[in-house]
Amino acid sequence: MKEELISSERIYKVSEITQLIRLNLELTFPYIKIEGEISNLHVHYSSGHIYFSLKDEWSQIRAVMFKNRTNNINFELRNGLKVIAEGKITVYEPRGEYQIVVEKIEEYGIGELQKAFEKIKEKLRKEGLFDEKYKKPIPPFPKWVGIVTSPEGAAISDMVRIITSKSSRINILIYPVKVQGDGASQEISEGIRYLNKLSEIEVIITGRGGGSIEDLWAFNEESVARAIFSSRIPVISAVGHEIDFTIADFVADHRSPTPSAAAHFIVKPEETLRSRVKDLKIMVMNSIKFILSDLKSRVITLEKNRAFSEVQSKIRNLKQRIDDIEILSEKIILEKLKKLREKISVFVNFLSFESLTKILPSHKLNISVLEQKILGNFKYKFLIYNSKYESLKERLISLSPLNVLERGYSITMKDNLIIKEASQVGKGDSVNIILHKGELMCQVEDIVKNKD
């Protein structure tokens, strides 16, 4: 085959020999992994393709990664970063340069960490540490929250700010630890165990901000997973960004995608309850306003009801009549007293001074007694009239048409007169029927009289 493609006697064009080289390279290296350091990194602004070189201490090779493959990159490409690139060797014919078309790229050493991650994950899964039956519920309204994380950085600042701004009753206890590097997993495990000794702690948050798999590795350690699983207190795992998953996430009683999300999760039930109470308060106030408005409307309707007005008018007339009787009674009594005094005065004038001096004291006594009797009689009659008035008022109220109408009866009127007998109307007459609520305007179609 090579003898057919290449001939020492033939003169080739540049494009032809470049094409032959490309074909041989692609046949020889269909898929390959290359370890090297990134240099000359460049992202094309319009196409989104990434161009760079892979180099070691002796050589370098050009590389291109097309945009449709860049979505799988979960770390930041940068000059000087050591990576492992996978792809096909080919030739870029316009320049006659060989290069690797990268299909997949990862940080150097990530492959081994990923294998270790999967190994620990499978081991703990078989032991049942991820089973839902062991998950403890997170208390909805905790008073004490323990946080195992680094005392420095944005993660702890965000959590404290969110919790304290949303709730004034939650107390926070921070157990400071390293979250990456040597000894980090031991400190995190010890922090979880220490908080379990405190009776007031109701929920624990452990986590940190985002980073590479190496940065987050402490939360993949078996010791941390077992500390979380053994905790009597519910544990919330809040490690990295939303796309990051650690072993701690699978063991924890609840996984939050970020530290900030964990803080929001803690205060959300209280916020929801406050919002619900506020909504209920508004609902109750609106209901009270509606009921009062309805009652007011009913009172206004009753005031405008004709039957009610007639009863009120009769009561007012009766009150006025009683007042008139009182005034007339007082006037009559005063007139009688006046006439009696005049008679006594005339009688006294006919008496001599001597006889007057003898009998005047006794007559004065009699006049005083008479006055007392008359006044007593007046008061007695007044009490009788007042008692009759109160009795009549009570009877009028008990026989009020409103009370009768409320029990399902009605009043039929024609020309402002109450109809008591069928003979008071004729066919075609218009009548008003007054109900407990509202009136009916009707026309008489037929009259049925009692046989008796």
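Data block above holds the structure.
Residues numbered from 1 in each chain as written. Predicted model: local features only at pLDDT ≥ 70, side-chain atom pairs only at ≥ 80, totals over all residues. Heavy atoms only, no water.

**Details of the side chain of Ser185**
Mapped onto the elements of the fold, Ser185 is located in helix 6 (residues 184–195). Exposure remark for Ser185: the relative accessible area of 8% places this residue in the buried category. Other than its neighbours up to four places away in sequence, Ser185 contacts Ala218, Glu221, Ser223 and Val224. (Helix = DSSP H or I, 4+ residues; strand = E, 2+ residues; numbered from the N terminus. Buried < 20%, exposed > 50% of the residue type's maximum accessible area, 1.4 Å probe, protein only. Contact = heavy atoms within 4.5 Å.)

**Quick notes on the sheet that holds strand 8 (residues 203–208)**
The parallel open sheet is built from 5 strands, whose spatial order is 7-6-8-9-10. The two strands at the open ends of the sheet, each matched to only one other strand, are strand 7 (171–176) and strand 10 (254–255). Pairing geometry for strand 6 (residues 144–149) and strand 8, over 4 bridges, is parallel. Across the sheet, the residue bridging to Ile147 is Ile205, located in strand 8. Sitting on the sheet, helix 5 (residues 154–166) touches strand 6, strand 7 and strand 8, and the angle it makes with strand 7 is about 170°. (Pairing = 2+ DSSP bridges. Axes fitted to C-alpha atoms, helices over the stretch in contact; angles between N-to-C directions.)

**Describing the environment of Pro151**
Considering the arrangement of structural elements, one finds Pro151 in the loop between strand 6 and helix 5. When the C-alpha positions of Pro151 and Lys178 are compared, they lie 8.6 Å apart, and in sequence the two are 27 residues distant. Excluding its chain neighbours within four sequence positions, the residues that come into contact with Pro151 are Ile156, Pro176 and Val177.

**Here's the deal with the nonpolar core**
Judged by nonpolar contacts, the single largest core of 32 residues is most densely connected at Leu124, Val148, Ile188, Ile204, Phe219, Ile228 and Ile247. For Phe219, the residues in contact, after removing those within four places along its chain, are Val179, Ile188, Thr206, Gly207, Arg208, Val239, Thr246, Ile247 and Ala248. Counting residues in each nonpolar core, the second largest holds 20 residues, with Leu54, Ile61, Phe75 and Val83 among its members. (Core = buried A, V, L, I, M, F, W, Y, C linked by side-chain atoms within 4.5 Å.)

**Describing the sheet that holds strand 1 (residues 32–43)**
The sheet built from 5 strands closes into a barrel, its strands ordered 1-2-3-5-4 with mixed pairing. Taken over all neighbouring pairs, the strand axes of this sheet differ in orientation by 50° on average, direction set aside. Here 6 bridges tie strand 1 to strand 4 (residues 82–92), and the two strands are oriented antiparallel to one another. Opposite Ile32, over in strand 4, you have Gly87 as the bridge partner. On the sheet, helix 2 (residues 14–28) packs against strand 4 and strand 5 (97–107) and is oriented at approximately 135° with respect to strand 4.

**Here's the deal with the environment of Leu173**
Note on placement: Leu173 falls in strand 7. Once residues lying within four places of it in the same chain are set aside, the contact partners of Leu173 are Val145, Gly146, Ile147, Leu195, Leu198 and Ile201.

**Notes on the pattern of salt bridges**
One pass over the full model with this rule turns up 18 salt bridges. In this structure, Arg22 and Glu26 form a salt bridge, with 3.3 Å as the shortest nitrogen-oxygen distance. Taken together, the residues span about one helical turn, with Arg22 and Glu26 both in helix 2 at a distance of 4 residues. In this structure, Asp429 and Lys414 form a salt bridge, with 2.8 Å as the shortest nitrogen-oxygen distance. With Asp429 in the loop between strand 12 (417–418) and strand 13 (430–434) and Lys414 in strand 11 (residues 411–414), the pair connects residues that are 15 residues apart, well separated along the chain. Using a relative accessible area of 21% as the deciding quantity, one classes Lys414 as partly exposed. Through salt bridges with shared partners, a single ionic network connects Lys123, Glu127, Glu222 and Arg226. (Salt bridge = Lys/Arg side-chain N within 4 Å of Asp/Glu carboxyl O.)

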